[in-house]
Amino acid sequence: MIKKLLFAFILSYSFNMSAQTLNWSTDVNAAIEVSNKENKPLLLLFTDKSASNDLLFSQVLNTLDFALWSRDNVVIVKIDLNEDSTNDNIERNLNLKKAFAIDANPSICFARGSSRKGKINYQLIGKMAYKPGGVKAWLADAKILLTVTEE
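All of these numbers come straight from a predicted model, not from anything done at the bench. (Residues numbered from 1 in each chain as written. Predicted model: local features only at pLDDT ≥ 70, side-chain atom pairs only at ≥ 80, totals over all residues. Heavy atoms only, no water.)

What to know about the overall build of the protein
Here's step 1: Within the protein, the secondary structure is distributed over 6 helices and 4 strands.
Here's step 2: What you see in the protein, going N to C, is helices and strands ordered as α-α-β-α-α-β-α-β-β-α.
Here's step 3: A buried classification covers 37% of the 151 residues belonging to the protein.
Here's step 4: At a minimum sequence separation of 6, the contacts of the protein that also span at least 24 residues come to 69%. (Helix = DSSP H or I, 4+ residues; strand = E, 2+ residues; numbered from the N terminus. Buried < 20%, exposed > 50% of the residue type's maximum accessible area, 1.4 Å probe, protein only. Contact = heavy atoms within 4.5 Å.)

In C-alpha cells:
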C-alpha cells in the first residue's frame with residue numbers, strides 16, 4: 001500500500017513539475033509568426049511579481065491539463081509588467097497593457113496578431129480571469145470563447 005501511495009505521489013509530482021515548465025514566449029513578434037503559421041490564437045498573460053501566488057497560477061496555469069491544452073490550442077506569451085532593469089520590453093508591454101485595457105494582474109487576453117510594415121495589429125478575441133472551479137472550468141470557458149469567435 002505504501003509503495004502504491006509513494007508511486008502515485010511521485011507520478012503526480014512529476015506531472016506537476018512538467019506543467020510548470022511551459023515554454024512561455026516573451027517575444028510577441030515571434031509568437032505572432034508562430035500563431036499565424038499554426039493558425040492558433042495568442043494567449044497573452046499579463047503578469048508581474050505580485051501575481052505569482054495568484055489562484056490563476058496555482059489552479060490553472062501551473063497544471064498539466066493547461067499545459068496539454070495550451071500546447072494544442074494556443075501560442076502562449078508572457079507579458080512581463082515588472083518595471084525593473086532586466087525587462088528590456090517594459091515600454092512595449094505597458095503599451096500592450098493599455099491597448100488591451102488590463103486593470104489587474106494576472107490577466108489573460110486571447111488575440112490574433114498581424115504585422116504589416118513593421119507595425120503590429122491585434123484583434124482581441126476575449127479576456128478571461130480566474131474563476132472558482134479550477135482548471136477544468138477555466139478550460140471549458142476558454143474553449144467556448146475560442147469556438148464562438150471562430151464561427
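Still to come is the rest of the account.
Describing unusual backbone geometry
Here's step 1: The residue after Asn-105, namely Pro-106, is reached through a cis peptide bond having omega 0°.
Here's step 2: Its place among the elements puts Pro-106 in the loop between helix H5 (90-99) and strand E3 (107-116).

A look at the packing of aromatic side chains
Here's step 1: In this structure the tally under the stated criterion is 8 aromatic pairs.
Here's step 2: When the centroid spacing of 6.3 Å and the interplanar angle of 15° are considered together, the rings of Trp-24 and Phe-66 count as stacked. Here the residue Trp-24 occupies a position in the loop between helix H1 (2-19) and helix H2 (28-38), and Phe-66 occupies one in helix H4 (residues 64-73), the gap between them amounting to 42 residues.
Here's step 3: Relative accessible area serves as the criterion here: at 0%, Phe-66 is assigned to the buried category.
Here's step 4: By the ring-pair criterion, three or more aromatic residues cluster together here, those being Trp-24, Phe-66, Trp-69, Phe-110 and Trp-138. (Phe/Tyr/Trp six-rings, centres within 6.5 Å; stacked < 30°, edge-to-face > 60°.)

Some remarks on the confidence of the model for the protein
Here's step 1: For the protein, per-residue confidence averages 84 on the pLDDT scale, and 81% of positions sit at 70 or higher.
Here's step 2: Here residues 14-19 is modelled with pLDDT under 50, and outside its nearest four sequence neighbours on either side it reaches 8 contacts, counting other chains as well. (pLDDT = per-residue confidence, 0-100.)

Considerations on the nonpolar core
Here's step 1: Counting 23 residues, the largest nonpolar core has Leu-43, Leu-61, Phe-66, Trp-69, Phe-110 and Trp-138 as the members making the most contacts within it.
Here's step 2: The set of elements that each furnish at least two residues to this core consists of strand E1 (42-47), helix H3 (55-61), H4, E3, strand E4 (119-128) and helix H6 (134-150).
Here's step 3: When residues in this core are grouped by element, the largest group, 5 residues, is from H6. (Core = buried A, V, L, I, M, F, W, Y, C linked by side-chain atoms within 4.5 Å.)

Points about the pairing of E1
Here's step 1: By the criterion of burial, E1 is predominantly enclosed, with 6 of the 6 residues buried.
Here's step 2: Of the two faces of E1, the one holding Leu-42, Leu-44 and Phe-46 and the one holding Leu-43, Leu-45 and Thr-47 are both buried throughout.
Here's step 3: Here E1 pairs with strand E2 (residues 75-80) via 6 bridges, running parallel. Looking at the pairing, Thr-47 lines up with Asp-80 of E2.
Here's step 4: Strand direction decides the pairing type here: E1 and E3, joined by 5 bridges, are antiparallel. (Pairing = 2+ DSSP bridges.)

Here we look at the sheet that holds E2
Here's step 1: Taken in spatial order, the 4 strands make up an open sheet running E2-E1-E3-E4, and their pairing is mixed. Looking at strand neighbours, the two that pair on one side only are E2 and E4, the edges of this open sheet. Strand-to-strand twist across the sheet, computed as the mean angle between neighbouring axes with direction ignored, equals 35°.
Here's step 2: H2 contacts E1, E2, E3 and E4 of the sheet and is inclined by roughly 165° relative to E2. (Axes fitted to C-alpha atoms, helices over the stretch in contact; angles between N-to-C directions.)

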